[in-house]
Amino acid sequence: MRVLKFGGSSVANSNNIERVYNIISDTCTHNEKVVIVLSAMSKVTDSLIEAAQAALAQDNRYSDILNNICERHLEVIKETIDVQHQSSILTRIKELCNEVEDICKGVFLVRELTPHTYDLILSYGEVLSTLIFSEILKQRGIPNEWMNSGLLIRTNSEHSKATIDIRKTRELVEPLISASGCKVFVFPGFTGSDAEGNRTTLGRGGSDYTASALGAALHAKVIEIWTDVSGMMTADPGVVKNASIIHELSYEEALELSHFGAKVIYPKTIAPAFPEKIPILVKNTFHPEDAGTKIHDYIEHNGNAVRGLSSMKGMAVLTVEGSGMIGIPGFSKRLFETLATEKINVILITQSSSEYSICVVIEDTLAKQAKKALDNCFAMEIETGKLKPVRIEKDQSVVAIIGDSMKSRSGISGKMFGALGRNGINVRAIAQGSSERNISAVISTNDVKKALNVLHEEFFEDTYKEINLYICGTGNVGRKLIGQLLQQSKYLKEKLFLNIKIAGIANSRKMLFSHSGVSLKDWEQELQNADKMDLPAFIDKIRNENRRNSIFVDVTANADVARQYPLLLQKSISVVACNKIAGSSEYAYYQQLKSLASRHNVSFLFETNVGAGLPVINTLNDLLKSGDEVTRIEAVLSGTLNFVFNNYDGSTSFAEVVRKAAAEGYTEPDPRLDLSGTDVMRKILILARESGYPLELSDIENDSFLPEATMQGSIENFYEQVEKHEDHFRKLLSSARKNGRKLKYVATFENGKARTGLKEISEDQDFYHLYGKDNIVLYYTKRYTEQPLIIKGAGAGAEVTASGVFADILRAVR
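Rules of the game
Residues numbered from 1 in each chain as written. Predicted model: local features only at pLDDT ≥ 70, side-chain atom pairs only at ≥ 80, totals over all residues. Heavy atoms only, no water. Helix = DSSP H or I, 4+ residues; strand = E, 2+ residues; numbered from the N terminus. Rg over C-alpha atoms; globule rule 2.2 N^0.38 Å. Buried < 20%, exposed > 50% of the residue type's maximum accessible area, 1.4 Å probe, protein only. Contact = heavy atoms within 4.5 Å. Areas by Shrake-Rupley, 256 points an atom, 1.4 Å probe, with all protein chains shown as cover. Lys, Arg positive; Asp, Glu negative; His and termini not counted. Charge placed at Lys NZ, Arg CZ, Asp CG, Glu CD. Pairing = 2+ DSSP bridges. Axes fitted to C-alpha atoms, helices over the stretch in contact; angles between N-to-C directions. Expected span 1.5 Å × (residues − 1). Polar contact = N/O pair within 3.5 Å; in protein donor to acceptor, adjacent residues only side chain to side chain. Parallel < 35°, antiparallel > 145°, perpendicular 65-115°, else oblique. Left-handed = near helix turned anticlockwise from the far one by under 90°. Nonpolar A, V, L, I, M, F, W, Y, C, P; charged D, E, K, R; others polar. Core = buried A, V, L, I, M, F, W, Y, C linked by side-chain atoms within 4.5 Å. Salt bridge = Lys/Arg side-chain N within 4 Å of Asp/Glu carboxyl O.

For the protein chain, the count of helices and strands is 30 helices and 29 strands. The C-alpha radius of gyration computed for the protein chain amounts to 37 Å, which surpasses the reference 28 Å derived for 814 residues by more than 25%, pointing to a less compact arrangement than a globule. Across its three principal axes, the protein chain shows a C-alpha extent of roughly 120 × 70 × 55 Å. Across the 814 residues of the protein chain, 54% fall into the buried class. In the protein chain, the share of contacts with a sequence separation of at least 24, taken over all contacts with a separation of at least 6, comes to 72%. A total of about 35,100 Å² of accessible surface is found on the protein chain, and carbon and sulfur atoms cover 47% of it. Distance between charge centroids for the protein chain: 2 Å, based on 94 positive and 101 negative side chains.

As structure tokens, then:
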């Protein structure tokens, strides 16, 4: 014998019913008895609930709702059964519709809706759908018997969530099946009756439960649950887009997954089949060729120890704590007896080893009731200060990883909590059964989507790790960065298994977000048509999206943007800053950012602040981490100034050389930041701080070579003044040439002091042979005493700066 159950979506309309008929027709060729269990047509149960509630509320609308239900069923008959055979079933359906309307009218008149009446009204949905389907089978040559579940499925008297008595149901059903000359039997799901004959319903998943109970009662060889998905999945596909079908599960694994929210199947569906060792197949009515999921007794686990992820939202954490619990026998008994008396189900329990606190997780809607009951129970202890009043934390959820083989694998829990921690997901409570089949964590409901995606990536995805970038700034460096991301996207996937996408992008005018990722090719057009830029709103959106593996990339020179970093780091969003302002701002702010990054287990990286694409900061950090100590730093840190003085030979004006540097992208938008030495001051300040010295920008001595007049007014005024002071710049050049030297803007740091200024460099010095826009840094340390560690290369330009930002992004990923 086989039991086949079809859900509401499978019988929602005549087209879907045709699909069900085809599946049944194929099954009936196996020459074995078949039990068919159907749900009500999709949304019909909801409509019956609405009608019952309307009748109770003295709302005449109940009649219209019931008429719509009736018309929908009559329409299906007309579309699926030949006209000459419709009369009897049309009459029967109309009679039943009249019956349920009479019941609702009674509710309307007496203004009372008892649990028994409520269940009776709801049971009509399955009766209607099964009578129609039974008639369809008969008219198409498949003899069958319609079986009245309301009389044959014996339950207890707990209305709306009744439990089936398998033994008594067997006694009622088995003789009828055995005596019948038919091989096909059609049962309404979801409904039954208690010992007094009162109609009951079975609650959520009730038709699945009916099918499983009948399978157990009749010793079926298989129970097939036909639904609108192709089996149970590694996670909810509505939340985790890369979720995949689980082809096999043990009963225990399926129970754990279903208990923790996997809605494809419910725990009570598995319970009857489990002791009888009857396999359960979860199949897709709309894709019957798919293998689906098989739930059975023995699974050989050759691969992943974790079989699936699940979650339960709408939870609350109740915490009972105080010294009055320590070493007191029976305390837990009182707590759980109190909750049981209130009929409050405990989802999860955890207790500190000190016995100072117990926390339980229950449904959010029952939290106030539970607190009141427990505060009353422990009133004396609370009054005497031995216990604190029960504390409620709402908006919590439970996420769980599940698998039979977890008990034989070390490191599973470490992997789980490491992945959550790296993404800033705080775990409120933890529980693991002695079977080690389930590890559960209580987290904020706001973090559920992020957590499930993080865990799925950690345990199931051997392909790509998804990285979500939020880029602020689309100037020269920003454009080059996006171009490099496009160029390297294939390499990143094939070699590093990274899928880096731009989840958000903004400039001073517009801001854009995209769940699937901004196009790396058409981003300019997409951004042009986006919303007006609002920096606080941009940051709030990034925080609220709460995506896994998020990195904020600042390629602006904007102080307001730099002040947003704490808000991002606090949400476990890494920050990659091309912007020097944060790293060179007041020391307390710099220290706050470093501390936040460390505390929230994310990165705050700013390699390009000093040497564009050169590994200046990274090398310094490696020296210090390995135990070295910096004694002196000498550096030419401005590619702009080096370019200017390498190209200023007197043949053209100093102003023209600066204009050329700006045109080629070597200067800041305001060239005075470079030429005044401010930019170099910031860079040597950052190196001093990274070396462990708490310096402020005001501590750095700067010998500026620019006349004071050039620092006043607009950028255009700056160029005018530079032209007027050409003689000043020629004197600097002439003096250096006279001494056989070159002009270089040099930064030094030694004995806790830093200074910057223009110097004449002789041919025997390392800085002399520095050409174009190159930078150079000399690290003198305890290890590199006479011969310094030298880092030299291009220190300016959008392309190399973008590559340095790119490298920081990859460091943040690691």
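Attention now goes to the sheet that holds strand E28 (residues 774-781). As summarised here, the arrangement of the six strands in space is E25-E27-E26-E24-E28-E29, forming an open sheet in which the pairing is mixed. Sheet topology places strand E25 (701-703) and strand E29 (789-794) at the edges, where each strand pairs with a single neighbour. The sheet shows a mean angle of 15 degrees between the axes of neighbouring strands, direction not considered. When strand E24 (residues 630-636) meets E28, the two strands line up antiparallel, connected through six bridges.

Let's shift gears to the sheet that holds strand E9 (residues 280-284). Reading across the sheet, the eight strands line up as E3-E4-E2-E1-E7-E9-E10-E8 and stay open at both edges, with mixed pairing between neighbours. Two strands lie at the open edges of the sheet, namely strand E3 (145-146) and strand E8 (248-250), each paired on one side alone. Both strand E7 (residues 222-227) and E9 contribute to a ladder of five bridges, which runs parallel. Within the sheet, the bridge partner assigned to glutamate 224 lies in E9 and is leucine 281. In the packing of helix H1 (residues 14-27) onto the sheet, contacts are made with strand E1 (2-6), strand E2 (34-38) and E7, and the angle to E1 comes to roughly 175 degrees.

With that out of the way, let us pick up the side chain of serine 514. Within the fold, serine 514 resides in strand E19 (residues 510-518). Once you skip the residues sitting within four places of it in the chain, serine 514 turns out to touch Ile502, Ala503 and Arg547.

Take helix H4 (residues 87-110) next. Because each turn of an α-helix spans 3.6 residues, side chains separated by three or four positions end up pointing in the same direction. The end-to-end C-alpha separation of H4 is 35 Å, in line with the 34 Å expected for 24 residues at 1.5 Å each. Within H4 the residues assigned to the buried category are Ile89, Leu90, Ile93, Leu96, Cys97, Val100, Glu101, Ile103, Cys104, Val107 and Phe108. Among the structural elements, helix H2 (44-56), helix H3 (61-80) and helix H5 (115-139) are those in contact with the buried residues of H4. Looking one or two residues past H4, arginine 111 carries a phi angle of roughly 60 degrees, positive in sign.

Turning next to the environment of glutamate 393. Within the fold, glutamate 393 resides in strand E14 (residues 391-402). Spatially, the C-alpha atoms of glutamate 393 and alanine 367 are 8.8 Å apart, while their sequence positions differ by 26 residues. A distance of 2.5 Å separates polar atoms of two side chains, one belonging to glutamate 393 and the other to arginine 428.

Close contact between helix H9 (residues 251-259) and helix H10 (residues 267-276) brings their axes to 9 Å; oriented N to C, the two are set at 160 degrees. Classified by the angle between their axes, H9 and H10 sit roughly antiparallel to one another. The hand of the H9/H10 crossing is left-handed. Here Tyr251, Glu252, Ala254, Leu255, Ser258 and His259 of H9 lie close against H10, whose contacting residues are Pro267, Ile270, Ala273 and Phe274. Across the contact of H9 with H10, the residue classes break down as seven nonpolar, two polar and one charged.

Residues Phe552, Tyr565, Phe654, Leu687 and Tyr779 are the most contacted members of the largest nonpolar core, which totals 78 residues. Phe6, Val20, Ala55 and Ile142 belong to the second largest nonpolar core, which has 55 residues in total.

Quick look at the pairing of strand E26 (residues 742-750) now. Extensive coverage of E26 is indicated by the burial of seven of its nine residues. Two elements, E26 and strand E27 (residues 753-761), share nine bridges in a ladder whose sense is antiparallel. Within E27, the position partnered with valine 746 by the bridge is glycine 757. Taking the residues between adjacent antiparallel strands as the criterion, E26 and E27 are bridged by two residues, where asparagine 751 takes a positive phi near 55 degrees.

What follows deals with the environment of valine 636. Mapped onto the secondary structure, valine 636 falls in strand E24. What makes valine 636 buried here is its relative accessible area of 2%. With 112 residues separating them along the chain, valine 636 and threonine 748 place their C-alpha atoms 8.9 Å apart. The contacts of valine 636, once residues within four sequence positions are left out, are Asn642, Lys744, Tyr745, Val746, Phe767, Leu770, Asn775 and Ile776.

The subject of this paragraph is the pattern of salt bridges. Side chains that differ in charge, positive against negative, can pair when their charged atoms come close. Counted under the stated rule, the structure contains 41 salt bridges. Ionic pairing is found between arginine 61 and aspartate 59, a salt bridge with its closest N-O pair at 3.3 Å. Judged by relative accessible area, which is 28%, aspartate 59 ranks as partly exposed. Linking glutamate 716 and arginine 659 is a salt bridge whose minimum nitrogen-to-oxygen distance equals 3.0 Å. In this pair, glutamate 716 sits in helix H28 (residues 715-724) while arginine 659 sits in helix H25 (residues 654-663), placing the two residues 57 residues apart along the sequence. Judged by relative accessible area, which is 33%, arginine 659 ranks as partly exposed. One connected set of salt bridges, linked through shared partners, spans Lys241, Glu457, Glu466, Lys501 and Arg548.

The subject of this paragraph is the packing of helix H8 (residues 206-217) against H10. As a packed pair, H8 and H10 sit with axes 7 Å apart at the nearest point and diverge in direction by 15 degrees. Considering their axes alone, H8 and H10 lie roughly parallel with respect to each other. By crossing handedness, the relation of H8 to H10 is classed as left-handed. Listed contacts from H10 to Asp208, Tyr209, Ser212, Ala213 and Ala216 of H8 are Lys268, Thr269, Pro272, Ala273 and Glu276. Taken together, the residues that form the contact of H8 with H10 break down as five nonpolar, two polar and three charged.

To continue, consider the pairing of E19. Direction of pairing for strand E18 (residues 498-506) relative to E19: antiparallel, over a ladder of four bridges. Paired with isoleucine 502 across the bridge in E19 is valine 518. Taking the residues that link successive antiparallel strands as the turn, the E18-E19 hairpin has three residues. Judged from the two bridges that link them, E19 and strand E20 (residues 531-532) form a sheet pairing that is antiparallel. Its bridge partner being in E20, lysine 510 is matched across the sheet by lysine 532.

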